[in-house]
Every structure is written in C-alpha cells, then in structure tokens.
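Structural overview
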Amino acid sequence: MDAEDPRPVVRRILRISIGAWIVFLVPAAMHAGWNGVLALTCTGAVTMINFLWLEQIVNAVLQPSPHLRAWKLMLRSLARYALLGAAVSVAIFVVHFDGFSVLLGVSVLVAGIMGEAVISAFTA
C-alpha cells in the first residue's frame, strides 16, 4: 500500500465539510432561525481552524528533528484544546447561541472526515 500525499486528503475533507455545512444550514435555520445559522457558521469555522492547527502539530511531530522540544509541542496541543473549549463555551453561555446549532457546527468536520473515510474505503 503506497502512502498518499496528505494535502489532497485534507482538501477533500475541507470540501466535504463545507458541503456538510450547507446541508446542516437547513435544520439549524428551521430550529433557531438566523441565530442558528450564525451559531453553525461560527462553531464550524472554529472547528475547521482547530483541525488545520492540529494538522500543523502532527506535521511537527512527524518531521525528523534533532531538537524536538516536547514541552513546546505539549503547550501548543493544550492551548488548542483550551481555545476550542473556550470558543464553544462562549458560543453557548455568553452569546447564547442555540446548543443544537453549536453541536451541528462542531459536527461539520466530523461529517467531512467520515465522508473522506467512505471515499477512501471505496477507492482502495
């Protein structure tokens, strides 16, 4: 099995995630109106940024380096989770976004990854 270049895979995940965002717009709008659409968009964007940041961290770990600073990598990883938690908490408790739409926004990336898994399973 040959190793696939990760860039097209990440692009496909992002494209499928955008498609999932479009599909999720309908239930979010029906459930909470424009507030739901805004919640879906904000949390979907935060999740996408988090995914791209995770990709950079994984690339840093997998690169051969004579001076890998584990503490620096650990801080970046913990900061990523703290930022994601803070963003979702602000969306729900401060801005009072609808929880259903926030969860749909977080699920956008999950749908993208699942779509890529299906594509990979049928093309392998």
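What you see is a predicted model, and the numbers here were worked out from it, not measured in a lab. (Residues numbered from 1 in each chain as written. Predicted model: local features only at pLDDT ≥ 70, side-chain atom pairs only at ≥ 80, totals over all residues. Heavy atoms only, no water.)

Some details on the pattern of salt bridges
- Scanning all chains against the criterion turns up 1 salt bridge.
- With a shortest N-O distance of 2.8 Å, Glu116 and Arg12 are connected by a salt bridge. Of this pair, Glu116 sits in helix 3 (residues 99-123) while Arg12 sits in helix 1 (residues 6-62), placing them 104 residues apart in sequence.
- You can call Glu116 buried: its relative accessible area is 5%.
- Judged by relative accessible area, Arg12 falls into the partly exposed class, the value being 22%. (Salt bridge = Lys/Arg side-chain N within 4 Å of Asp/Glu carboxyl O. Helix = DSSP H or I, 4+ residues; strand = E, 2+ residues; numbered from the N terminus. Buried < 20%, exposed > 50% of the residue type's maximum accessible area, 1.4 Å probe, protein only.)

A few points about helix 1
- Counted at 1.5 Å a residue, the expected span for helix 1 with its 57 residues is 84 Å, but the 13 Å between its end C-alpha atoms falls short.
- The sharpest bend along helix 1 reaches about 135° and sits at Ala32. (Expected span 1.5 Å × (residues − 1). Bend = angle between axes of the 7 residues up to and from the residue.)

A few points about the packing of aromatic side chains
- In the structure shown here, the tally under the stated rule is 0 aromatic pairs.
- Just above the ring of Tyr81 sits the side chain of Arg80; from NZ or CZ to the centre is 4.1 Å. (Phe/Tyr/Trp six-rings, centres within 6.5 Å; stacked < 30°, edge-to-face > 60°. Lys NZ or Arg CZ within 6 Å of the ring centre and 35° of its normal.)

Observations regarding the environment of Ser101
- Mapping Ser101 onto the fold places it in helix 3.
- A relative accessible area of 0% means that Ser101 is categorised as buried.
- As a C-alpha pair, Ser101 and Arg11 span 90 residues in sequence and 24 Å in three-dimensional space.
- In contact with Ser101, not counting residues within four places along its chain, are Ala28, Ala32, Gly36, Ala39, Leu40 and Thr43. (Contact = heavy atoms within 4.5 Å.)

Let's talk about a nonpolar patch on the surface
- Among the surface-exposed residues, Leu54, Val58, Val61 and Leu62 lie close enough to one another that they form a single nonpolar patch of about 330 Å² accessible area.
- Within the secondary structure, Val61 sits in helix 1.
- What makes Val61 partly exposed here is its relative accessible area of 41%. (Patch = residues over 30% accessible without salt bridge, like charges linked within 9 Å, V, L, I, M, F, W, Y side chains within 5 Å. Areas by Shrake-Rupley, 256 points an atom, 1.4 Å probe, with all protein chains shown as cover.)

The values are spatial; any link to function lies outside them.
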